[in-house]
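Spelled out, the chains give:
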Amino acid sequence: MGNPDAVSAFLRSRRDRITPEQAGLPTYGRRRVPGLRRGEVATLAGVSVEYYTRLERGNLRGVSDSVLDALGQALRLDATERMYLYDLARAAGPAPEARARQREVRPAVRPSVARIVEGMPEMPAFVMNNRLDALAANPLGRALYSEMYADPACGANVARFAFFSTAATRFYADWERMARFAVGALRIEAGKSPYDRELSNLIGELSTRSDAFRVMWGSHDVHVFRESTKRLNHPLVGDLELDQETMSLPDESGLSVVVYSAPPGTAAEDGLKLLASWSATTGQKQDADSTSKP
(Lines give C-alpha, C1' and ligand atoms only; values in the text may rest on other atoms or scores of the structure.)
Protein backbone atom coordinates (compact mmCIF):
# COMPACT_ATOMS: atom_id res chain seq x y z
CA MET A 1 0.00 0.00 0.00
CA GLY A 2 1.48 3.36 -1.05
CA ASN A 3 1.52 6.42 1.15
CA PRO A 4 -1.67 8.07 -0.25
CA ASP A 5 -3.59 4.81 0.11
CA ALA A 6 -2.33 4.36 3.68
CA VAL A 7 -3.32 7.93 4.57
CA SER A 8 -6.78 7.55 3.06
CA ALA A 9 -7.47 4.20 4.70
CA PHE A 10 -6.22 5.35 8.11
CA LEU A 11 -8.30 8.54 8.19
CA ARG A 12 -11.42 6.69 7.04
CA SER A 13 -10.96 3.96 9.62
CA ARG A 14 -10.59 6.50 12.43
CA ARG A 15 -13.60 8.51 11.18
CA ASP A 16 -15.77 5.39 11.00
CA ARG A 17 -15.21 4.45 14.63
CA ILE A 18 -16.52 7.73 16.14
CA THR A 19 -20.25 8.31 16.50
CA PRO A 20 -21.79 11.79 16.41
CA GLU A 21 -22.84 11.34 20.04
CA GLN A 22 -19.24 10.69 21.05
CA ALA A 23 -18.16 13.82 19.19
CA GLY A 24 -20.93 15.91 20.79
CA LEU A 25 -22.73 16.52 17.50
CA PRO A 26 -26.50 16.47 16.96
CA THR A 27 -28.00 13.78 14.73
CA TYR A 28 -31.01 14.07 12.45
CA GLY A 29 -32.73 11.22 10.62
CA ARG A 30 -31.11 8.07 9.31
CA ARG A 31 -27.38 7.98 8.59
CA ARG A 32 -25.69 5.99 5.84
CA VAL A 33 -22.23 6.01 7.41
CA PRO A 34 -21.22 4.14 10.60
CA GLY A 35 -19.29 7.03 12.06
CA LEU A 36 -18.75 10.70 11.30
CA ARG A 37 -19.31 12.28 7.91
CA ARG A 38 -16.45 14.10 6.22
CA GLY A 39 -18.17 17.40 6.79
CA GLU A 40 -18.48 16.70 10.50
CA VAL A 41 -14.77 15.92 10.81
CA ALA A 42 -14.00 19.11 8.89
CA THR A 43 -16.15 21.13 11.29
CA LEU A 44 -14.50 19.58 14.33
CA ALA A 45 -11.02 20.20 12.89
CA GLY A 46 -11.80 23.76 11.80
CA VAL A 47 -11.08 23.22 8.09
CA SER A 48 -13.25 23.30 4.99
CA VAL A 49 -14.97 20.19 3.71
CA GLU A 50 -13.00 20.49 0.46
CA TYR A 51 -9.70 20.62 2.32
CA TYR A 52 -10.50 17.63 4.53
CA THR A 53 -11.69 15.69 1.48
CA ARG A 54 -8.29 16.31 -0.10
CA LEU A 55 -6.58 15.00 3.04
CA GLU A 56 -8.73 11.88 3.19
CA ARG A 57 -7.95 11.18 -0.43
CA GLY A 58 -4.36 10.71 0.71
CA ASN A 59 -2.74 14.08 0.08
CA LEU A 60 -0.90 15.17 3.23
CA ARG A 61 1.88 17.02 1.45
CA GLY A 62 2.49 20.41 3.02
CA VAL A 63 -0.06 19.98 5.83
CA SER A 64 0.87 22.10 8.84
CA ASP A 65 1.38 20.75 12.35
CA SER A 66 -1.59 22.76 13.56
CA VAL A 67 -3.89 21.03 11.08
CA LEU A 68 -2.50 17.62 12.04
CA ASP A 69 -3.10 18.44 15.70
CA ALA A 70 -6.66 19.53 14.91
CA LEU A 71 -7.25 16.29 13.00
CA GLY A 72 -5.87 14.29 15.89
CA GLN A 73 -8.26 15.99 18.28
CA ALA A 74 -11.26 15.69 15.95
CA LEU A 75 -10.63 11.99 15.32
CA ARG A 76 -9.76 11.31 18.97
CA LEU A 77 -6.37 9.83 18.12
CA ASP A 78 -4.23 8.55 20.96
CA ALA A 79 -0.52 9.41 21.25
CA THR A 80 0.61 6.49 19.06
CA GLU A 81 -1.98 7.26 16.37
CA ARG A 82 -0.96 10.92 16.32
CA MET A 83 2.67 9.92 15.90
CA TYR A 84 1.65 7.65 13.01
CA LEU A 85 -0.29 10.51 11.37
CA TYR A 86 2.78 12.74 11.64
CA ASP A 87 4.94 10.00 10.12
CA LEU A 88 2.52 9.68 7.21
CA ALA A 89 2.70 13.45 6.68
CA ARG A 90 6.51 13.43 6.71
CA ALA A 91 6.61 10.50 4.29
CA ALA A 92 4.36 12.46 1.91
CA GLY A 93 7.04 15.16 1.60
CA PRO A 94 9.51 15.60 -1.26
CA ALA A 95 12.62 13.61 -2.25
CA PRO A 96 11.37 10.04 -1.80
CA GLU A 97 14.40 8.76 -3.75
CA ALA A 98 16.77 10.11 -1.11
CA ARG A 99 14.78 8.48 1.66
CA ALA A 100 14.67 5.23 -0.27
CA ARG A 101 18.46 5.19 -0.63
CA GLN A 102 18.84 5.96 3.05
CA ARG A 103 16.59 3.07 4.12
CA GLU A 104 18.52 0.59 1.96
CA VAL A 105 21.44 0.78 4.41
CA ARG A 106 21.13 -2.17 6.79
CA PRO A 107 21.94 -1.19 10.38
CA ALA A 108 24.48 -3.42 12.08
CA VAL A 109 24.62 -4.37 15.73
CA ARG A 110 27.55 -2.52 17.28
CA PRO A 111 29.97 -4.72 19.24
CA SER A 112 29.32 -2.68 22.40
CA VAL A 113 25.57 -3.35 22.10
CA ALA A 114 26.22 -7.06 21.53
CA ARG A 115 28.35 -7.11 24.70
CA ILE A 116 25.52 -5.51 26.69
CA VAL A 117 23.09 -8.19 25.52
CA GLU A 118 25.58 -10.98 26.26
CA GLY A 119 26.31 -9.43 29.66
CA MET A 120 22.80 -10.19 30.96
CA PRO A 121 23.00 -13.99 31.38
CA GLU A 122 20.02 -14.18 33.75
CA MET A 123 17.62 -12.30 31.47
CA PRO A 124 16.59 -13.12 27.88
CA ALA A 125 17.79 -10.23 25.73
CA PHE A 126 17.63 -9.41 22.01
CA VAL A 127 18.55 -6.70 19.52
CA MET A 128 15.59 -6.08 17.20
CA ASN A 129 15.24 -4.00 14.05
CA ASN A 130 12.20 -2.17 12.72
CA ARG A 131 10.98 -5.32 10.92
CA LEU A 132 10.93 -7.37 14.16
CA ASP A 133 14.00 -9.37 13.14
CA ALA A 134 16.06 -10.65 16.08
CA LEU A 135 19.50 -9.59 14.87
CA ALA A 136 21.25 -10.75 18.05
CA ALA A 137 20.29 -12.63 21.19
CA ASN A 138 22.01 -13.96 24.28
CA PRO A 139 21.86 -17.71 25.03
CA LEU A 140 18.86 -17.33 27.35
CA GLY A 141 17.01 -15.32 24.71
CA ARG A 142 17.58 -18.05 22.14
CA ALA A 143 16.46 -20.64 24.67
CA LEU A 144 13.27 -18.70 25.44
CA TYR A 145 12.40 -18.43 21.72
CA SER A 146 13.84 -21.85 20.86
CA GLU A 147 10.83 -22.77 18.71
CA MET A 148 11.21 -19.62 16.61
CA TYR A 149 14.91 -20.28 16.02
CA ALA A 150 14.24 -23.94 15.24
CA ASP A 151 11.72 -23.09 12.49
CA PRO A 152 13.49 -22.10 9.25
CA ALA A 153 10.29 -20.50 7.94
CA CYS A 154 10.50 -17.84 10.67
CA GLY A 155 13.95 -16.52 9.84
CA ALA A 156 14.29 -15.27 13.46
CA ASN A 157 11.46 -12.82 12.81
CA VAL A 158 8.82 -12.39 15.52
CA ALA A 159 6.02 -11.55 13.07
CA ARG A 160 6.70 -14.62 10.91
CA PHE A 161 6.82 -16.75 14.06
CA ALA A 162 3.48 -15.36 15.27
CA PHE A 163 1.64 -15.95 11.98
CA PHE A 164 3.44 -18.86 10.30
CA SER A 165 4.33 -21.20 13.18
CA THR A 166 1.71 -23.41 14.77
CA ALA A 167 3.84 -23.39 17.93
CA ALA A 168 3.24 -19.66 18.40
CA THR A 169 -0.44 -20.04 19.26
CA ARG A 170 0.59 -22.19 22.22
CA PHE A 171 3.75 -20.26 23.12
CA TYR A 172 1.88 -16.96 23.48
CA ALA A 173 -0.82 -17.39 26.12
CA ASP A 174 -2.64 -14.41 24.59
CA TRP A 175 -1.74 -15.01 20.97
CA GLU A 176 -4.24 -12.58 19.44
CA ARG A 177 -3.06 -9.68 21.60
CA MET A 178 0.57 -10.39 20.71
CA ALA A 179 -0.28 -10.76 17.03
CA ARG A 180 -2.15 -7.45 16.97
CA PHE A 181 0.77 -5.74 18.70
CA ALA A 182 3.14 -7.10 16.04
CA VAL A 183 0.86 -5.93 13.22
CA GLY A 184 0.49 -2.50 14.83
CA ALA A 185 4.27 -2.17 15.19
CA LEU A 186 4.79 -3.00 11.50
CA ARG A 187 2.06 -0.48 10.61
CA ILE A 188 3.98 2.22 12.52
CA GLU A 189 7.20 1.37 10.67
CA ALA A 190 5.42 1.35 7.32
CA GLY A 191 4.23 4.89 8.06
CA LYS A 192 7.77 6.00 8.89
CA SER A 193 9.46 4.20 6.02
CA PRO A 194 7.08 3.62 3.09
CA TYR A 195 10.07 3.13 0.76
CA ASP A 196 11.74 0.41 2.86
CA ARG A 197 11.77 -2.44 0.34
CA GLU A 198 12.49 -5.21 2.84
CA LEU A 199 9.71 -4.02 5.12
CA SER A 200 7.28 -3.90 2.19
CA ASN A 201 8.34 -7.41 1.15
CA LEU A 202 7.76 -8.71 4.68
CA ILE A 203 4.29 -7.17 4.88
CA GLY A 204 3.47 -8.57 1.45
CA GLU A 205 4.65 -12.04 2.47
CA LEU A 206 2.61 -11.97 5.68
CA SER A 207 -0.48 -10.69 3.84
CA THR A 208 -0.19 -13.39 1.19
CA ARG A 209 0.40 -16.33 3.51
CA SER A 210 -1.76 -15.45 6.55
CA ASP A 211 -5.46 -14.65 6.53
CA ALA A 212 -5.22 -13.55 10.17
CA PHE A 213 -2.49 -11.03 9.37
CA ARG A 214 -4.43 -9.69 6.40
CA VAL A 215 -7.52 -9.06 8.54
CA MET A 216 -5.53 -7.39 11.33
CA TRP A 217 -3.58 -5.27 8.86
CA GLY A 218 -6.84 -4.02 7.41
CA SER A 219 -7.90 -2.57 10.78
CA HIS A 220 -5.15 0.12 10.51
CA ASP A 221 -4.43 -0.08 14.23
CA VAL A 222 -0.98 1.04 15.36
CA HIS A 223 1.21 0.03 18.28
CA VAL A 224 4.60 0.86 19.76
CA PHE A 225 6.47 -1.77 21.78
CA ARG A 226 7.60 -0.29 25.07
CA GLU A 227 6.87 -2.05 28.34
CA SER A 228 4.42 -4.89 28.73
CA THR A 229 3.84 -8.20 30.47
CA LYS A 230 4.16 -11.33 28.38
CA ARG A 231 2.52 -14.60 29.37
CA LEU A 232 4.39 -17.40 27.65
CA ASN A 233 4.09 -21.19 27.66
CA HIS A 234 7.57 -22.60 27.07
CA PRO A 235 7.74 -26.25 25.93
CA LEU A 236 10.39 -27.08 28.55
CA VAL A 237 9.68 -24.96 31.63
CA GLY A 238 5.96 -24.27 31.28
CA ASP A 239 4.16 -21.02 32.04
CA LEU A 240 6.21 -17.83 32.39
CA GLU A 241 4.88 -14.36 33.15
CA LEU A 242 7.67 -11.96 32.22
CA ASP A 243 8.05 -8.20 32.09
CA GLN A 244 9.28 -6.88 28.74
CA GLU A 245 11.18 -3.62 28.32
CA THR A 246 12.04 -2.23 24.89
CA MET A 247 14.77 0.43 24.73
CA SER A 248 15.44 2.20 21.44
CA LEU A 249 19.09 2.91 20.71
CA PRO A 250 19.90 6.66 20.62
CA ASP A 251 20.98 6.72 16.99
CA GLU A 252 19.48 6.53 13.51
CA SER A 253 19.71 2.74 13.23
CA GLY A 254 16.13 2.03 14.32
CA LEU A 255 17.42 -0.83 16.49
CA SER A 256 16.07 -1.64 19.96
CA VAL A 257 17.25 -3.75 22.87
CA VAL A 258 14.45 -5.98 24.19
CA VAL A 259 14.88 -7.53 27.64
CA TYR A 260 12.62 -9.95 29.53
CA SER A 261 12.77 -10.22 33.31
CA ALA A 262 10.91 -11.95 36.12
CA PRO A 263 9.99 -10.35 39.47
CA PRO A 264 12.07 -11.80 42.34
CA GLY A 265 10.58 -14.73 44.20
CA THR A 266 8.14 -15.70 41.47
CA ALA A 267 7.63 -18.97 39.63
CA ALA A 268 8.75 -17.18 36.47
CA GLU A 269 12.14 -16.44 38.08
CA ASP A 270 12.55 -20.14 38.88
CA GLY A 271 11.53 -20.98 35.32
CA LEU A 272 14.18 -18.66 33.84
CA LYS A 273 16.84 -20.19 36.10
CA LEU A 274 15.85 -23.67 34.93
CA LEU A 275 15.86 -22.51 31.32
CA ALA A 276 19.31 -20.92 31.77
CA SER A 277 20.63 -24.20 33.19
CA TRP A 278 19.19 -26.14 30.27
CA SER A 279 20.65 -23.61 27.80
CA ALA A 280 24.11 -23.85 29.38
CA THR A 281 24.01 -27.65 29.32
CA THR A 282 22.86 -27.71 25.70
CA GLY A 283 25.55 -25.22 24.72
CA GLN A 284 28.28 -27.27 26.38
CA LYS A 285 27.07 -30.42 24.61
CA GLN A 286 27.07 -28.66 21.23
CA ASP A 287 30.61 -27.39 21.86
CA ALA A 288 31.74 -30.91 22.78
CA ASP A 289 30.13 -32.37 19.66
CA SER A 290 31.77 -29.77 17.41
CA THR A 291 35.26 -30.34 18.86
CA SER A 292 34.98 -34.14 18.57
CA LYS A 293 34.31 -34.01 14.83
CA PRO A 294 37.36 -34.63 12.61
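Just so it is clear, the structure is predicted and the values come from calculations on it, not from any experiment.

## Considering the overall build of the protein chain
No. 1: Per the secondary structure count, the protein chain includes 16 helices and five strands.
No. 2: Counting across all 294 residues of the protein chain, residues that qualify as buried make up 46%.
No. 3: Of all intrachain contacts in the protein chain linking residues separated by at least 6 positions in sequence, the fraction that spans at least 24 positions is 55%.
No. 4: For the protein chain, the computed accessible surface area is about 15400 Å², with 52% contributed by carbon and sulfur atoms.
No. 5: Taken as two groups, the 38 positive and 37 negative side-chain charges of the protein chain have centres that lie 7 Å from each other.

## Notes on the environment of Ala42
No. 1: Along the chain, the position of Ala42 falls in helix H3 (residues 38-45).
No. 2: By relative accessible area, Ala42 is classed as buried at 1%.
No. 3: It is 42 Å that separates the C-alpha atoms of Ala42 and Asp243, two residues lying 201 residues apart in sequence.
No. 4: If sequence neighbours within four positions are ignored, Ala42 has contacts with Val47, Ser48, Val49 and Tyr52.

## Quick notes on the packing of aromatic side chains
No. 1: What the rule picks out here adds up to 13 aromatic pairs.
No. 2: Each ring, one from Tyr145 and one from Phe161, has its centre 6.2 Å from the other, and the planes form 65°; the classification is edge-to-face. Within this pair, whereas Tyr145 is found in the loop between helix H9 (139-144) and helix H10 (146-150), its partner Phe161 is found in helix H11 (residues 158-164), the two being separated by 16 residues in sequence.
No. 3: The structure contains a cluster of three or more aromatic residues connected by ring pairs, namely Phe126, Tyr145, Phe161, Phe171, Tyr172 and Tyr260.
No. 4: Above the ring of Tyr149, the side-chain terminus of Arg142 is found at 4.1 Å from the ring centroid.

## Topic: helix H5 (residues 65-74)
No. 1: All of the buried residues along H5 are Val67, Leu68, Ala70, Leu71, Gly72 and Ala74.
No. 2: Contacts from the buried residues of H5 go to H3, helix H4 (49-56) and helix H6 (79-91).
No. 3: Positive backbone phi, at 55°, marks Arg76, one or two positions downstream of H5.

## What to know about the nonpolar core
No. 1: In this structure, Leu144, Tyr145, Phe163, Tyr172, Leu186 and Leu242 are the most contacted members of the largest nonpolar core, which totals 45 residues.
No. 2: The element best represented in this core is helix H13 (residues 175-192), accounting for seven residues.
No. 3: In this view, Leu144 contacts Pro124, Phe171, Leu232, His234, Leu240, Leu242, Tyr260 and Leu275; residues no more than four positions away in its chain are not counted.
No. 4: Tyr52, Leu60, Val67 and Leu85 belong to the second largest nonpolar core, which has 30 residues in total.

## Here's the deal with the side chain of Ser228
No. 1: One can find Ser228 in strand E3 (residues 227-234).
No. 2: At a separation of 3.4 Å, a polar atom in the side chain of Ser228 contacts the side chain of Lys230.
No. 3: If we ignore the near neighbours within four places in the chain, the residues touching Ser228 are Leu242, Asp243 and Gln244.

## Focus: unusual backbone geometry
No. 1: Phi is positive for Ala156, close to 55°, though the residue is something other than glycine.
No. 2: Note on placement: Ala156 falls in the loop between H10 and H11.
No. 3: For Ala156, a relative accessible area of 17% corresponds to the buried category.
No. 4: In this structure, His220 takes a positive phi of about 60° despite not being glycine.

## So, the environment of Pro139
No. 1: As for its placement among the helices and strands, Pro139 is situated in helix H9.
No. 2: Measuring from C-alpha to C-alpha, the distance between Pro139 and Ala173 comes to 23 Å, with 34 residues separating the pair along the chain.

## Here we look at the pattern of salt bridges
No. 1: Scanning all chains against the criterion turns up 17 salt bridges.
No. 2: For the salt bridge of Glu56 with Arg15, the shortest nitrogen-to-oxygen distance reads 2.7 Å. With Glu56 in helix H4 and Arg15 in helix H1 (residues 3-16), this residue pair connects regions lying 41 residues apart in the sequence.
No. 3: A salt bridge links Glu147 to Arg170, with the nearest nitrogen and oxygen atoms 2.3 Å apart. Residue Glu147 is located in helix H10, and its partner Arg170 is located in helix H12 (residues 168-171); the two are separated by 23 residues in the primary sequence.
No. 4: Judged by relative accessible area, which is 31%, Arg170 ranks as partly exposed.

The rules behind these values
Residues numbered from 1 in each chain as written. Predicted model: local features only at pLDDT ≥ 70, side-chain atom pairs only at ≥ 80, totals over all residues. Heavy atoms only, no water. Helix = DSSP H or I, 4+ residues; strand = E, 2+ residues; numbered from the N terminus. Buried < 20%, exposed > 50% of the residue type's maximum accessible area, 1.4 Å probe, protein only. Contact = heavy atoms within 4.5 Å. Areas by Shrake-Rupley, 256 points an atom, 1.4 Å probe, with all protein chains shown as cover. Lys, Arg positive; Asp, Glu negative; His and termini not counted. Charge placed at Lys NZ, Arg CZ, Asp CG, Glu CD. Phe/Tyr/Trp six-rings, centres within 6.5 Å; stacked < 30°, edge-to-face > 60°. Lys NZ or Arg CZ within 6 Å of the ring centre and 35° of its normal. Core = buried A, V, L, I, M, F, W, Y, C linked by side-chain atoms within 4.5 Å. Polar contact = N/O pair within 3.5 Å; in protein donor to acceptor, adjacent residues only side chain to side chain. Salt bridge = Lys/Arg side-chain N within 4 Å of Asp/Glu carboxyl O.

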